[in-house]
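# Residue-level structural notes
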Amino acid sequence: EEIESQRDEIEAQRDLVFAQKKEITDSIAYAQRIQAAILPQPAFLKGILHEYFVLYLPRDIVSGDFYWIKEFGSTLIVVAADCTGHGVPGAFMSMLGITLLNELFVDGGSHEPGAILGQLRSKVKSMLSQEGSIRDQKDGMDMAIALVDKEKKELQYAGAYNPLYLVRAGGKLIEFKGDKQPIGIHWEEKEFNTQAIPLLEGDTIYVFSDGFVDQYGGRDGKKFKTQKFKELLLSVQGEPMDRQKEILEEAFEAWRGKREQIDDVCVVGVRV
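Residue positions are given per chain, counting from 1 as you read along its sequence in written order. For a predicted model such as this one, the threshold for reporting local features is a pLDDT of at least 70, and the threshold for listing and counting side-chain atom pairs is 80 or more; totals across whole chains, interfaces and linings nevertheless cover every residue. Hydrogens and waters are ignored; side-chain quantities use all the structure's heavy atoms.

## Overview of the packing of aromatic side chains
What counts here: Aromatic pairs are defined between Phe, Tyr and Trp rings, using the six-membered ring for Trp, whenever the two ring centres lie within 6.5 Å; interplanar angles under 30 degrees are classed as stacked, those over 60 as edge-to-face, and all others as tilted. Helix numbers and strand numbers start at the N terminus; a helix is a DSSP run of H or I with at least 4 residues, a strand a run of E with at least 2. Burial classification: accessible surface area is computed with a 1.4 Å probe over protein chains only, and a residue below 20% of its type maximum counts as buried, one above 50% as exposed, and the rest as partly exposed. Our definition puts a charge over a ring when NZ of Lys or CZ of Arg is within 6 Å of the ring centre and also within 35 degrees of the ring normal.
Inspection of the entire model under this criterion finds 10 aromatic pairs. Seen from their ring centres, F53 and Y206 are 6.2 Å apart, and the 45° between their planes marks the pair as tilted. Taken together, the residues span a long stretch of sequence, with F53 in strand 1 (residues 51-57) and Y206 in strand 10 (residues 204-208) at a distance of 153 residues. The same class applies to F53 and to Y206, which are both buried. When the ring of Y56 is compared with that of Y67, the centres are 5.3 Å apart and the planes differ by 75°; the resulting orientation is edge-to-face. On the criterion of sequence distance, the pair formed by Y56 in strand 1 and Y67 in strand 2 (residues 65-72) is long-range, its members being 11 residues apart. Through pairs of rings, three or more aromatic residues link up here, namely Y165, F208, F212, F224, F229, F252 and W255. Between the NZ or CZ atom of K228 and the centre of the ring of F224, over which it lies, the distance is 5.9 Å.

## Thoughts on the sheet that holds strand 7 (residues 172-176)
By definition, the strands of a sheet pair up through backbone hydrogen bonds, in either a parallel or an antiparallel sense. Just so we agree on the cut-off: Strands were regarded as paired on the criterion that DSSP finds at least two bridges between them. Axes, fitted as lines to C-alpha atoms, cover a helix only where it is in contact. Angles between the N-to-C directions of the axes lie from 0 to 180 degrees.
Spatially, 5 strands are ordered 1-13-10-6-7 in an open sheet, and the strand pairing comes out antiparallel. The two strands at the open ends of the sheet, each matched to only one other strand, are strand 1 and strand 7. In this sheet, adjacent strand axes meet at a mean angle of 15° when their direction is disregarded. Relative to strand 7, strand 6 (residues 164-168) runs antiparallel, the two sharing 5 bridges. Its bridge partner being in strand 7, Y165 is matched across the sheet by E175.

## A few points about the pairing of strand 1
Summarising burial for strand 1: 5 of the 7 residues are buried, a large majority. Relative to strand 13 (residues 265-271), strand 1 is paired through 7 bridges, and the arrangement is antiparallel. Note that in strand 13 the partner of L55 across the bridge is V267.

## Observations regarding unusual backbone geometry
For I61, which is not glycine, the phi dihedral falls at a positive 65°. Tracing the sequence through the fold places I61 in the loop between strand 1 and strand 2. Given the relative accessible area of 40%, I61 is considered partly exposed. Residues other than glycine seldom take positive phi values, yet Y161 does so here, at roughly 70°. Here Y161 is to be found in the loop between strand 5 (154-160) and strand 6.

## Structural notes on the packing of helix 5 (residues 226-235) against helix 6 (residues 241-256)
If you want to describe how two helices pack, look at the angle between their axes and the distance between the axes. Selection criterion: By the definition used in this description, the sense in which the near helix is turned from the far one sets the handedness, with an anticlockwise turn below a right angle giving left-handed and a clockwise turn giving right-handed. Contact definition: two residues touch when any of their heavy atoms are within 4.5 Å. Side-chain classes are defined by residue name, with Ala, Val, Leu, Ile, Met, Phe, Trp, Tyr, Cys and Pro counting as nonpolar, Asp, Glu, Lys and Arg as charged, and the others, Gly among them, as polar.
Close contact between helix 5 and helix 6 brings their axes to 10 Å; oriented N to C, the two are set at 145°. Helix 6 is crossed by helix 5, and the crossing has right-handed handedness. Across the interface between the two elements, K228, F229, L232 and L233 from helix 5 touch I247, L248, A251 and W255 from helix 6. Classifying every residue of the contact of helix 5 with helix 6 by side-chain character gives 7 nonpolar, no polar and 1 charged.

Now the structure itself:
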């Protein structure tokens, strides 16, 4: 009889755990719908971009990576960002990032990428009231901002860690490196640099988080790495942008195999 009551108790506990897990998963799935709603919508993107793709693969339903794309007159702004953490904390941080970008990029304001990163850092720090203690250094985001001036045929780029790749027609990949500081607390804070790059017909720009290159996989369970990622991008240059996205996703899944995805993935490609 005692064994029977123990078994009943175990079953009741199991049912409770199952119900709690379902409740948590359901609420995160609902949060994912909210997050998806504040990311740029496909219909909006098709209206302002001719050839582009967004590869967006959250690790845990909701994502700490985000992308932000807007048009102001003849200027197009493309942002890819990677917030500290993934899952729920990362998603909260990404919502904060999107909200602040909406505040900072306004008609008639300065759109210089380096200045925007600096303003973003000030706002993130004051909102999280980071005082510069070691514990606070974990909160923040890495970001690449690309500003395409269609009239001037010029690209302006600034990055907090995250680089930008520019692929020229004819198959040359040029890497522009970001500043080695995050949007958040850093032991040595400097102004963010804006790099200006003349654009040529058929140039394609890529901004991304580090989730793709950091993924473990292949035969030896090693990271995908930057060099392989560059080679992959160069290998798809003859393809239209939507097909590039498919090839990148297939390559990521094939590399990952049966291993778990270790981080959120976000890659944005725009042919200018």
